[in-house]
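# Secondary and tertiary structure notes
For reference, the chains in residue letters:
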Amino acid sequence: MTTRSEISGIWIIATGVIIAMLYLGRDILAPFALAVFLFLIIEGFARVIDRHSAMLKLGWARAIAILVVIGGFVGFLAMMARGIAEFGSQGDGYLVRINGLIESAYAWLQLGDAPTLTELVFNESGQAFLGTIAQATSGLTGDLVLILIYVAFLFLAQSAWPGKLDRVFVDPERRQQVKEVGDAARRGIETYLWTQTVISALITTLSYLTLVLLGVENALFLSTLIFVLNYIPTIGSIVAAIVPPLFALVQPEIAAWIPGDAPNDSYIFAGLVFAGVSFWQFSIGNFVQPRIMGDTLNLSAVVVLLALAIWGASWGIPGMFLSAPLTVLMM
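All of the points below concern the structure found in this document. Computed from a prediction, not measured in an experiment: that's the story for all the values here.

### Here we look at the overall build of the chain
Check the secondary structure of the chain and you find 12 helices and zero strands. Going from the N terminus to the C terminus, the chain shows its helices and strands as α-α-α-α-α-α-α-α-α-α-α-α. Burial analysis of the chain (331 residues in total) assigns 31% to the buried set. When the accessible surface of the chain is split by element, carbon and sulfur atoms take 71% of a total near 20300 Å².

Okay, here's the thing in structure tokens:
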């Protein structure tokens, strides 16, 4: 007879084997997981359209959902490209501001002659860093193509799933139990994704209005980054609150109404931007989001942080984005 200690040992070994398999197969499993969640977003949107429209059939609702999701993704890429182009057109001004900040920091720390940004970027460490970014970008492009292929095959294969399920689970009671578990997992993931999208959109809208009122350049580009980063639990919201002030700090021209010893005091300006963006991240993240997430998904902060660490270590950035949905699926 198997003892409790033996069962515990088997579970520990099995958990280690599963984690090792997830890590070793991350190049295949992470894009497939992203494709599954993208498929669930489209399917959930299609069901919403189908429920609220008596004229459209489910097939047309799926077509509309696919077009809307793809249109949103293309719009996101267009906004990112536009923002990068705007930063590029003001590159000389940003370069002067960054070099000035580097010089001030070196003088304050008494480190001697300050290097320029160009010297920092094109040394050995900078070249290695840029190479890592280029490699990650190239890998992301390949993953996007693979994800779209996975999504297409998921749509093609979904009509055969009920028949395959009937053949695998012959017993009607067992088959019904499997269907109920699958439906519960799908509803949980869809609830998380839609809830997180609404919360991210709310934070993004309020942050965008704040950035515009403060006079931050490229506010739309920065707001798009905030929207995406908020899908990463905890860490994403922290980064989303730090990125806009960093851009505000090196902004070539600051709003003239900012008080200070100089007409354009970048430090006060960056502090105001940080306060404005952090206010929405803190207030919505600590008062609105827990009520919605806690009531619908029953996810505790400790579980979310632990899942973020595990999935981030296993699958990198995709794992960070998928940590909460995967935890919902496991629950």
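That was the structure; now back to the text.
### Observations regarding the environment of Arg47
Considering the arrangement of structural elements, one finds Arg47 in helix H2 (residues 26-52). With 14 residues separating them along the chain, Arg47 and Ala61 place their C-alpha atoms 7.3 Å apart. Setting aside residues no more than four positions away along its own chain, Arg47 makes contact with Arg186 and Glu190.

### Focus: the nonpolar core
The nonpolar side chains of soluble globular proteins are, as a tendency, buried together. With 26 residues, the main nonpolar core has Phe37, Val151, Ile189, Trp311, Trp315, Leu322 and Leu326 as its most contacted residues. Residue assignment for this core shows that the elements contributing at least two residues are H2, helix H3 (58-89), helix H6 (124-157), helix H8 (172-214) and helix H12 (301-330). The element best represented in this core is H2, accounting for nine residues. Leave out the neighbours within four places in its chain, and Phe37 touches Ile189, Leu193, Leu322, Pro325 and Leu326. Membership of the second largest hydrophobic core comes to 20 residues, among which are Met80, Phe221, Ile226 and Val243.

### Remarks on H8
With 43 residues, H8 should cover 63 Å at 1.5 Å per step; its first-to-last C-alpha distance of 62 Å lies within 8% of that length. Positive backbone phi, at 90°, marks Gly215, one or two positions downstream of H8.

### Considering the packing of helix H9 (residues 219-229) against helix H10 (residues 235-249)
Packing of H9 against H10 leaves a shortest axis separation of 8 Å and a crossing angle of 165°. It follows from the interaxial angle that H9 and H10 lie roughly antiparallel. Of the two possible hands of crossing, H9 and H10 adopt the one that is right-handed. Contact with H9, carried on its side by Leu222, Leu225, Ile226 and Leu229, involves Gly236, Ser237, Val239, Ala240, Val243, Pro244 and Phe247 of H10 and no other residues of that element.

### So, unusual backbone geometry
You will see that Asn218, though not glycine, has its phi angle at about 55°, which is positive. Topologically, Asn218 is positioned in the loop between H8 and H9. The class of Asn218 is buried, set by a relative accessible area of 10%.

Conventions adopted
- Each chain has its residues counted from 1, running along the sequence as written.
- Residue-level local features of this predicted model are given only where pLDDT is at least 70; pairs of side-chain atoms are given and counted only at 80 or more, and the full residue set underlies all totals for whole chains, interfaces and linings.
- Hydrogens and water molecules were not included; the side-chain quantities draw on all heavy atoms of the structure.
- Going along the chain from the N terminus, every DSSP run of H or I of four or more residues is numbered as a helix, and every run of E of two or more is numbered as a strand.
- With a 1.4 Å probe rolled over the protein chains alone, any residue whose accessible area is under 20% of its type maximum counts as buried; one over 50% counts as exposed, and the rest are partly exposed.
- Residue burial considers only the protein chains on display, and all accessible areas are found by Shrake-Rupley using a 1.4 Å probe.
- The contact definition used throughout considers only heavy atoms, calling two residues in contact when any of these lie within 4.5 Å.
- By convention a nonpolar core is built from buried Ala, Val, Leu, Ile, Met, Phe, Trp, Tyr and Cys residues, the set being connected through side-chain atoms within 4.5 Å.
- For a helix, the expected span equals 1.5 Å multiplied by the number of residues minus one.
- Lines are fitted to the C-alpha atoms to define the axes, a helix being fitted only along its stretch in contact, and any angle between axes, read from their N-to-C directions, falls within 0 to 180 degrees.
- An angle counts as roughly parallel when it lies under 35 degrees, as roughly antiparallel when it exceeds 145, as roughly perpendicular when it falls between 65 and 115, and as oblique in every other case.
- By convention, the crossing between two helices is left-handed when the near helix turns anticlockwise from the far helix through less than a right angle, and right-handed when the turn is clockwise.

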